[in-house]
Structure formats: structure tokens, C-alpha cells
Amino acid sequence: GEKLAGFFQYYVSGSTFMIEEVQIVPEYQGTTALLTLMRHLTDVLPEGIETVAAYSHRLNLKSQRIIRKLGLEQQEENSSGDYLLYLGDFPSVMARFGKKK
């Protein structure tokens, strides 16, 4: 419909798909909104993406659980120690959404 369910900020640099921020309105959390969005992205993202990356604030445990559930693994902290870097294999992550690219 016409109702905003949230937003998804990302970019592609070389062979990396970088997830910057995902915000889903509470009433759409736990629904298929993220699944639908990720399936759509498999149709519009360029070919040749190998890696998916995301940062999470070290205190945001819910975000970290979601990122790990997607198949990303913690790599390192940023220099301030506030954020954790997660990386994953893009084709494997996208296959979790029923499509491969």
C-alpha cells in the first residue's frame, strides 16, 4: 500500500554490498517486510557482488542477532570500539531469502 514500513540504506562498492541502516516500523517488525525487501534487492543489485558487510553498535544486541541470523560473522571493532563489523558471503546470505544472485 501507501504506508511507509521503514527504510533501508545501503551502497555497493566494488564487490561489496554494504548495509548502512535498516529501520522497520514496529508494526512491521516480525513480518515478511524484510524478506520482501531482500528478495527485491536480488533483482536490482548489480552482478558480481561477493561480500555483504554491516556494522552494529556493540550495545545493540537485537541488531547483532539479526545480522548473525542472516549469516554474517563478526570480524572486528572500529577504532573507537563502539561498532562491530560483520561480513558474509553475499550469495549465501541472499540464498537465505530464496533467491541467488
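Throughout what follows, the structure given in this document is the object of discussion. (Residues numbered from 1 in each chain as written. Predicted model: local features only at pLDDT ≥ 70, side-chain atom pairs only at ≥ 80, totals over all residues. Heavy atoms only, no water.)

### Quick look at a nonpolar patch on the surface
Here is step 1 of the chain: A cluster of nonpolar side chains, contributed by Tyr10, Val12 and Val44, occupies part of the molecular surface with about 220 Å² of accessible area.
Here is step 2 of the chain: Topologically, Val12 is positioned in strand 1 (residues 6-13). (Patch = residues over 30% accessible without salt bridge, like charges linked within 9 Å, V, L, I, M, F, W, Y side chains within 5 Å. Areas by Shrake-Rupley, 256 points an atom, 1.4 Å probe, with all protein chains shown as cover. Salt bridge = Lys/Arg side-chain N within 4 Å of Asp/Glu carboxyl O. Helix = DSSP H or I, 4+ residues; strand = E, 2+ residues; numbered from the N terminus.)

### Let's talk about the nonpolar core
Here is step 1 of the chain: The biggest cluster of nonpolar side chains holds 18 residues, and the ones touching the most others in it are Phe17, Val52, Leu72 and Phe90.
Here is step 2 of the chain: Counting residues per element, the ones that place at least two in this core are strand 2 (16-24), helix 1 (33-44), strand 3 (51-57), strand 5 (83-89) and helix 3 (90-95).
Here is step 3 of the chain: It is helix 3 that contributes the most residues to this core, three residues altogether.
Here is step 4 of the chain: For Val52, the contacting residues outside a window of four places in its chain are Phe17, Ile19, Leu72, Tyr86, Leu87, Gly88, Phe90 and Val93. (Core = buried A, V, L, I, M, F, W, Y, C linked by side-chain atoms within 4.5 Å. Buried < 20%, exposed > 50% of the residue type's maximum accessible area, 1.4 Å probe, protein only. Contact = heavy atoms within 4.5 Å.)

### Some remarks on the layout of surface pockets
Here is step 1 of the chain: Taken as a whole, the largest pocket spans an internal volume of roughly 1,000 Å³.
Here is step 2 of the chain: The wall of the largest pocket is formed by 30 residues, among which Val22, Leu34, Lys62, Ser63 and Ile66 lie closest to the centre.
Here is step 3 of the chain: With seven residues, strand 2 is the largest single contributor of residues to the lining of the largest pocket.
Here is step 4 of the chain: When the residues that make up the lining of the largest pocket are grouped by side-chain class, the tally is 16 nonpolar, eight polar and six charged. (1 Å grid on protein atoms, 1.4 Å probe; cavity = no way out; pocket = protein on both sides within 12 Å on 5 of 7 lines; lining within 4 Å. Points joined across faces, edges and corners; volume = space filled by probe spheres on them. Nonpolar A, V, L, I, M, F, W, Y, C, P; charged D, E, K, R; others polar.)

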